[in-house]
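Each chain, written out:
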Amino acid sequence: MPMSIAQTPEGVNVQPSAPSGARVHVNAPIEAFGGGRADRTFDVSGVERTMVGLYEEAHKNANEVAVNDADNQLTSLSTKLLYDPDTGALNQRGKNAFAVPEKVGADWDKGVSDIASKLTDPMQKEAFAHRVVARWQAVNEAVHRHVSSERQQYEQQTTNDFIRNRQDDALLNYTDPQKVDQAVAEQQAVIADHGRRQGWDPEAVRHEQQGAASVTYSHVILRYLDNEQDLAAKAVYDAHKQDLTGAESVIVDKAMQEGSSRGESQRQFDTIMQKPGISEAEAIQAARALKEPRVRDLTEQRVRSEFTEQKNQATMTREANYQNAGDFIEQHGGWQAPPASMWAGLS
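Peer 1: Quick question: what am I supposed to make of the overall build of the chain here?
Peer 2: Helix and strand content of the chain: 10 helices and 0 strands. Each helix (α) and strand (β) of the chain, taken in turn from the N terminus, gives the series α-α-α-α-α-α-α-α-α-α. Burial statistics for the chain: of 347 residues in total, 29% are counted as buried. A separation of at least 24 residues holds for 63% of the contacts in the chain among residues at least 6 apart in sequence. Accessible area for the chain stands at about 23600 Å²; split by element, carbon and sulfur atoms hold 53% of it.

Peer 1: Mind showing me how you'd approach helix H5 (residues 202-226) here?
Peer 2: An α-helix turns once every 3.6 residues. As a result, residues three or four positions apart point the same way. The terminal C-alpha atoms of H5 lie 36 Å apart, and with 25 residues this matches the ideal 36 Å at 1.5 Å per residue to within 8%. Two to three positions downstream of the cap, the backbone nitrogen of Glu203 sits 3.0 Å from a side-chain oxygen, assigning the N-cap of H5 to Asp201. Just past H5, the residue Glu228 takes up positive phi, approximately 55°.

Peer 1: What should I look at first to understand the nonpolar core in this one?
Peer 2: Here is a general trend for soluble globular proteins: nonpolar side chains tend to be buried in one another's company. Formed by 20 residues in total, the largest nonpolar core has its most connected members in Leu74, Leu82, Val104, Trp108, Val112, Phe128 and Val143. The set of elements that each furnish at least two residues to this core consists of helix H1 (45-83), helix H2 (100-116) and helix H3 (122-172). If sequence neighbours within four positions are ignored, Leu74 has contacts with Trp108, Val112, Ile115, Phe128, Arg131, Val132 and Arg135. Of all hydrophobic cores here, the second largest spans 17 residues; its members include Ala213, Tyr217, Ile221 and Leu225.

Peer 1: Please explain the layout of surface pockets as it appears in this structure.
Peer 2: Gaps left between atoms show up when a probe the size of a water molecule is rolled over them. Size it by volume and the largest pocket reaches roughly 190 Å³. Lining the largest pocket are Lys80, Leu81, Thr87, Gly88, Ala89, Gln92, Asn96, Ala99, Val100, Lys103, Val104 and Asp107. Looking at the lining of the largest pocket, the elements that each hand over two or more residues are H1 and H2. When residues of the lining of the largest pocket are assigned to their parent elements, the largest contribution, 4 residues, is made by H2. A breakdown of the residues in the lining of the largest pocket according to their chemical character gives 5 nonpolar, 4 polar and 3 charged.

Peer 1: Just checking my understanding: could you explain the packing of aromatic side chains for this structure?
Peer 2: We describe a pair of aromatic rings using the distance from one ring centre to the other and the angle between the two ring planes. Taken as a whole and assessed by the stated rule, the structure comprises 3 aromatic pairs. Their ring planes at 70° and their centres at 4.8 Å tell us that Tyr174 and Tyr224 sit as a pair that is edge-to-face. Highlighted residues: Tyr174 in the loop between H3 and helix H4 (177-198) and Tyr224 in helix H5, separated in sequence by 50 residues. If you follow Arg151 out to its NZ or CZ, it ends over the ring of Phe98, 4.2 Å from the centre. Geometry around Phe162 places Arg166 over its ring, the cationic atom sitting 4.6 Å from the centre.

How each quantity is defined
Residues numbered from 1 in each chain as written. Predicted model: local features only at pLDDT ≥ 70, side-chain atom pairs only at ≥ 80, totals over all residues. Heavy atoms only, no water. Helix = DSSP H or I, 4+ residues; strand = E, 2+ residues; numbered from the N terminus. Buried < 20%, exposed > 50% of the residue type's maximum accessible area, 1.4 Å probe, protein only. Contact = heavy atoms within 4.5 Å. Areas by Shrake-Rupley, 256 points an atom, 1.4 Å probe, with all protein chains shown as cover. Expected span 1.5 Å × (residues − 1). Polar contact = N/O pair within 3.5 Å; in protein donor to acceptor, adjacent residues only side chain to side chain. Core = buried A, V, L, I, M, F, W, Y, C linked by side-chain atoms within 4.5 Å. 1 Å grid on protein atoms, 1.4 Å probe; cavity = no way out; pocket = protein on both sides within 12 Å on 5 of 7 lines; lining within 4 Å. Points joined across faces, edges and corners; volume = space filled by probe spheres on them. Nonpolar A, V, L, I, M, F, W, Y, C, P; charged D, E, K, R; others polar. Phe/Tyr/Trp six-rings, centres within 6.5 Å; stacked < 30°, edge-to-face > 60°. Lys NZ or Arg CZ within 6 Å of the ring centre and 35° of its normal.

The structure is reproduced here in structure tokens:
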């Protein structure tokens, strides 16, 4: 092909050049000329959103699993702190339970810290923190309910023990009215203090105080009666009859009737039997002359029992004398008479 020469303005030199080597076939598609689909940008935004969504879902699931695992560990920690057979808070009794809240709190904080240290994602830690609050509330409430119950039981048991000890003191010193009254006063004082701590109304306090006094004085009266000291028992009974209530009042009233009758019958029997040479018939007649029926019956029983015992003793003595006399005769071949004293015992 001949080289072309372009016309230029004067003074401008243009060097001739060969045509470009690029060639486009006359039958090339429109895209070869920059048209058609060649001028479109490829849209990957949908794929990107899908990939992001999958990542976020996987991340969320991983966080949930991690938090659930941590919560399982938290449940195990709660169970151990509350129910361990040896160290569990709810298995501590009496005074041993009083320091439990502080110990459980310290052990809980340490356990929670250990579990949280294994969580790596902020979302995991935040979700776990919410679980911790809920779990701790349940644990803390259970611990404080238990400790409150143990405090009440311990205080009640301590008060009851104090009262029983004072009642035992009164019984050991039942013949000393001053010590008995002091034991009652100490019981009433500790009951008043216990009632104040428990929020009792005044009537409830008086009821408990009267019950303690009733038990104490009834025991003292019954101890006198058991030792056949009915007159001393009557003195206490007369002085404190108004202090006896309920079952103690019924028991003591019945015991006093029987004890007084037995004591009076013993005194009447002693009086009757003091008459020198009194016969059984005379003693029975004297007993039957008594006015109070129960005393009369008991006195006659004593009289009959006494004379029966005398007869039995006389019979045993006579039989022994016969045996001695027979042995004497046998030992002497019948040639020597028994002594006069031995003969006298055979009559």
